Amino acid sequence: MSAVSDRLPAFPWDKLTPFKATAAAHPDGIVDLSVGTPVDPVPELIQKALVDAADSPGYPTVWGTPELRDAITGWVERRLGARDVTHRHVLPIVGSKELVAWLPTQLGLGPGDRVAYPRLAYPTYEVGARLARAEYEVYDDPTELDPEGLKLLWLNSPSNPTGKVLSKADLTRIVAWAREHGILLFSDECYLELGWEADPVSVLHPDVNGGSYDGIVSVHSLSKRSNLAGYRAAFLAGDPAVLSPLLEIRKHGGMMTSAPTQAAVVAALSDDDHVRVQRERYASRRALLREALLSHGFRIEHSEASLYLWATRGESCWDTVAHLAQRGILVAPGDFYGSAGAEFVRVALTATDERIAAAVRRL
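In short, a report on the structure. Fair warning: this is a prediction, and the values are worked out from it, not measured in the lab. (Residues numbered from 1 in each chain as written. Predicted model: local features only at pLDDT ≥ 70, side-chain atom pairs only at ≥ 80, totals over all residues. Heavy atoms only, no water.)

Notes on the packing of aromatic side chains
1) Next: For the structure on display, the rule yields 12 aromatic pairs.
2) Next: Relative to Tyr337, the ring of Trp310 has its centre 6.4 Å away and its plane inclined at 80°; by these criteria the two rings are edge-to-face. Placement of Trp310 in strand β10 (residues 308-312) and of Tyr337 in the loop between β12 (332-333) and β13 (345-348) is noted, with a sequence separation of 27 residues between them. Each member of the pair Trp310 and Tyr337 is classed as buried.
3) Next: Grouped by ring-pair contacts, the aromatic residues Trp13, Phe19, Trp310, Trp318, Phe336, Tyr337 and Phe344 constitute a single cluster. (Phe/Tyr/Trp six-rings, centres within 6.5 Å; stacked < 30°, edge-to-face > 60°. Helix = DSSP H or I, 4+ residues; strand = E, 2+ residues; numbered from the N terminus. Buried < 20%, exposed > 50% of the residue type's maximum accessible area, 1.4 Å probe, protein only.)

Considering helix α9 (residues 240-253)
1) Next: Given a rise of 1.5 Å per residue, 14 residues ought to cover 20 Å, and the 19 Å separating the end C-alpha atoms of α9 matches this to within 8%.
2) Next: All buried positions along α9 are accounted for by Pro240, Val242, Leu243, Leu246, Leu247 and Arg250. All buried residues of α9 lie within an arc of 140° about the axis, which places them on one face of the element. What points out from α9, more than 90 degrees from its buried face, is the exposed set Ala241 and His252.
3) Next: If you follow the buried residues of α9, they end up packed against β2 (90-93), α5 (96-106), β6 (184-188), β7 (216-221) and β8 (234-238).
4) Next: Where α9 starts, the residue carrying a side-chain oxygen 2.9 Å from the main-chain nitrogen of Ala241 turns out to be Asp239. (Expected span 1.5 Å × (residues − 1). Arc of directions from axis to C-beta. Contact = heavy atoms within 4.5 Å. Polar contact = N/O pair within 3.5 Å; in protein donor to acceptor, adjacent residues only side chain to side chain.)

Considering the pattern of salt bridges
1) Next: Applying the stated criterion to the full structure yields 23 salt bridges.
2) Next: The partner of Arg285 in a salt bridge is Asp40, and the shortest N-O contact between them spans 2.8 Å. Note that Arg285 is positioned in helix α11 (residues 273-295) and Asp40 in the loop between β1 (31-32) and α3 (44-52), a separation of 245 residues in sequence. The two residues Arg285 and Asp40 agree in class, both being buried. (Salt bridge = Lys/Arg side-chain N within 4 Å of Asp/Glu carboxyl O.)

Side note on the nonpolar core
1) Next: Residues Leu33, Trp154, Phe186 and Leu236 are the most contacted members of the largest nonpolar core, which totals 64 residues.
2) Next: Non-local contacts of Leu33, meaning those with residues more than four positions away in its chain, are made with Leu289, Ile329, Leu330, Val331, Ala332, Arg346, Val347, Ala348, Ala351 and Ile356.
3) Next: Within the second largest apolar cluster, 42 residues are counted, among which are Trp75, Tyr139, Val201 and Ala237. (Core = buried A, V, L, I, M, F, W, Y, C linked by side-chain atoms within 4.5 Å.)

Focus: the environment of Arg279
1) Next: With respect to the helices and strands, the residue Arg279 is situated in helix α11.
2) Next: Arg279 sits in the partly exposed class, given a relative accessible area of 28%.
3) Next: For the pair Arg279 and Ser226, spaced 53 residues apart in sequence, the C-alpha separation works out to 9.7 Å.
4) Next: Once residues within four sequence positions are removed from consideration, Arg279 is found in contact with Glu193, Leu194, Gly195 and Trp196.

See the structure below:
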């Protein structure tokens, strides 16, 4: 076991423990804007679907029920503008983090193979490469990478942590470059439905991929758009030549979403109203926090989408974390996401209206 754990970096969130204690000591309590975990209720229609499917004594399938695959294909076409999506183009997964962490291993990557991801990025991209013993590197523009030995290219738009959105033109250019060099492209699009000052586009859109899914897969999650982080519900959509062997591997590994969760996902993907309601909640919180941070002397970069504000006071991110912790507000230091974030903090919108109002008062 130590041989595996020794490949991994220190778990970054452990470093926040003393700052969390400081923030929790505030007389009015902590406002936790660090991790970004949903706090609003699971919509009732989703809860009902889960309960109605609770009597599920048999094993679920890794590929999911036909109803689940129908719901995914329907959503991908309706929401992303994808065309001619069949069951072969989709695959349910047990939350997107599981997929990110184990994808290089499931693809058979190892020493000598290279995995690339954005310079500022979700730490699990690196973890996945480390678990597979593959090499890893960061980029500002992926088309400037050396394609030799590059087996997996991660895109992330809208970005976690920065909220940056790749334009349709950039996506089209990157997809063409990856195909030219035979590089498998996975696009993490988990925040796609949370665009504020931009309208995020999927790599599955025909304007981006030319009507072909060859060599591309998109990753989507219901954690944020439907408050289902506790359900561990996500899915892949894209190239059947990639998804088919992944399905076989995951069948052998028993990586299956529970039957009640599958039923809940069908309900969630079949309803757009609850997503609109949740977007409105986040939009309101974002506007309040953004104005308060700017008034407090912060500068905000990107942040045109996703559930975060990428903010700086032009100092060490840890000094900013300490400054806010003294005011009972806990945020994530930017260097969790790469050295380029050393002077930034990530401020999540995922707190109740009451806690957001408290943070605004304190700022």
